[in-house]
Amino acid sequence: MSQRQHRPAVALALVPELTADLFSDALRVRLASIGDVLDEKPITNFASPRAAALLARVEVLLTSWGAPLIDAAVLDRAPQLRAIVHAAGTVKMHVDPICWQRGIQVTSAAAANAVPVAEFTLAAILFANKRVFRLQSRYRELRAARFWGREFPGLGNYGRTVGIVGASQVGRRVIELLRPFDFTVLVHDPHLAPADAAGLGARPMALEELLAASDVVSLHAPALLETHHQIDAQRLALLRDGATLINTARGWLVDGVALERELVSGRIDAVLDTTDPEVLPGDSPLYELPNVFLTPHVAGAMGSETQRMAALALDEIERFARGEPLRYAIRAEDLARIA
């Protein structure tokens with residue numbers, strides 16, 4: 001392993017309110033041991049005089065949610081910038097493609113953010129097959145004992161089929177977490193080779209076939225033009241009666257009108273952490289339906305979980321300081337198929 005060559009000059013660019021969650025005292029100390037933090041106060045506007053002074057010296061921009069756009073104008077004022085290290089998921093909102101053209105290394109903590117999303121998804125799958133969401137509502141209504149297996153036919157996790165749409169970092173981690181259970185795992189991803197699917201422990205399948213064969217379908221595809229309303233009315237109709245659709249990815253992937261129609265009918269269940277729009281109108285029936293478990297986009301890193309992303313980002317800055325390849329580097333050619 002090569003020795004650390006220098007202490008890079010580091011500046012932060014993110015929503016200031018996030019720094020306390022992202023960077024514990026221990027992580028702040030660690031960052032200070034890796035590089036020279038030019039200013040502990042994050043940059044929120046690259047056009048400000050303070051930002052201009054920092055950009056003139058910075059080698060590594062440590063970004064997270066709320067980072068302003070890094071475009072050609074910013075790069076022109078940052079002649080020493082060599083790396084953008086993002087302590088969050090997607091970089092598409094703040095890293096202009098010009099950064100790759102200028103030879104700037106870009107890395108993301110999406111792998112760290114995938115951990116809590118996959119954990120949330122695993123819990124949702126296990127609860128869905130146990131019919132926990134409907135049972136909770138029914139038990140609250142009756143406040144009495146029943147032979148629940150008869151009232152909810154098919155209840156249980158043994159021998160169930162789980163369909164994963166999208167072999168993204170989250171999708172792959174979900175498949176990994178499902179290995180100890182007695183599930184048949186199907187996967188659909190147009191970019192996944194059959195041999196790679198087999199290596200994951202999943203059976204590759206066309207989307208329509210997967211939807212028809214699964215007891216639970218979990219969405220993990222990126223929000224791209226070609227995935228807009230990927231799950232439309234026709235494909236929703238393929239789901240088995242009593243099947244559960246889980247969306248911890250983006251509401252973009254599902255035709256919301258068609259989904260609402262299916263859910264109001266009571267034919268299928270849903271666990272929705274993401275919707276379109278992000279916050280549903282106050283009169284949406286999805287807030288009250290007993291077959292819908294609705295959460296406000298909390299599957300991803302929250303609170304202490306964000307520190308996992310900060311730790312990954314610091315790992316990357318250490319690699320940069322030692323002159324080593326960045327482990328989670330994003331290539332320009334990846335942009336067309338990643339979230």
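Residues numbered from 1 in each chain as written. Predicted model: local features only at pLDDT ≥ 70, side-chain atom pairs only at ≥ 80, totals over all residues. Heavy atoms only, no water.

Colleague: How should helix α9 (residues 169-178) be read in this particular structure?
Modeller: Count 3.6 residues to each turn of an α-helix, and residues three or four apart come out pointing the same way. Among the residues making up α9, those that are buried are Val170, Gly171, Val174, Ile175 and Leu178. Buried residues of α9 fall within an arc of 140° about the axis and therefore sit on the same side. Buried residues along α9 sit against α6 (110-129), β6 (161-165), β7 (184-188) and α10 (194-200). (Buried < 20%, exposed > 50% of the residue type's maximum accessible area, 1.4 Å probe, protein only. Helix = DSSP H or I, 4+ residues; strand = E, 2+ residues; numbered from the N terminus. Arc of directions from axis to C-beta. Contact = heavy atoms within 4.5 Å.)

Colleague: Explanation requested: the sheet that holds strand β11 (residues 269-272) in the structure shown.
Modeller: Strand-to-strand pairing in sheets goes through backbone hydrogen bonds, with the strands running parallel or antiparallel. Pairing is parallel across the open sheet formed by seven strands, whose spatial order is β8-β7-β6-β9-β10-β11-β12. Edge positions in the sheet fall to β8 (203-204) and β12 (292-294), since each has one partner strand and no second. Relative to strand β10 (residues 244-247), strand β9 (residues 216-219) runs parallel, the two being bridged by four bridges. Counterpart to Val216 in the pairing with β10 is Thr244. Lying over the sheet, helix α13 (residues 256-265) contacts β10, β11 and β12, oriented at roughly 130° with respect to β11. (Pairing = 2+ DSSP bridges. Axes fitted to C-alpha atoms, helices over the stretch in contact; angles between N-to-C directions.)

Colleague: Teacher, can you tell me more about the environment of Asn45 here?
Modeller: The topology assignment puts Asn45 in the loop between β2 (36-37) and α3 (49-55). For the pair Asn45 and Leu69, spaced 24 residues apart in sequence, the C-alpha to C-alpha distance is 8.9 Å. Excluding anything up to four places from it in sequence, Asn45 contacts Ala51 and Pro68. A distance of 2.9 Å separates a polar side-chain atom of Asn45 from the backbone nitrogen of Ala47. (Polar contact = N/O pair within 3.5 Å; in protein donor to acceptor, adjacent residues only side chain to side chain.)

Colleague: Even after reading the chapter, I still don't get the pairing of β10, so can you show me in this structure?
Modeller: Two faces belong to every sheet, and in a regular strand the side chains alternate between them. Alternating residues of β10 divide into Thr244 and Ile246 and Leu245 and Asn247, and every residue in both groups is buried. As defined by bridge partners, β10 adjoins β11 across four bridges and the pair is classed as parallel. Looking at the pairing, Asn247 lines up with Leu272 of β11. Chirality of the crossover, the property in question, places the unit of β10, α13 and β11 among those that are right-handed. (Right-handed = clockwise from strand over helix to strand, strands pointing away.)

Colleague: Hey, could you run me through the pattern of salt bridges in this one?
Modeller: Side-chain pairs of opposite charge can arise where the charged atoms are in close proximity. Tallied over the full model, the rule gives 19 salt bridges. With a shortest N-O distance of 2.9 Å, Arg322 and Glu324 are connected by a salt bridge. Relative accessible area serves as the criterion here: at 16%, Arg322 is assigned to the buried category. Among the residues examined, Glu324 registers a relative accessible area of 18% and is labelled buried. (Salt bridge = Lys/Arg side-chain N within 4 Å of Asp/Glu carboxyl O.)

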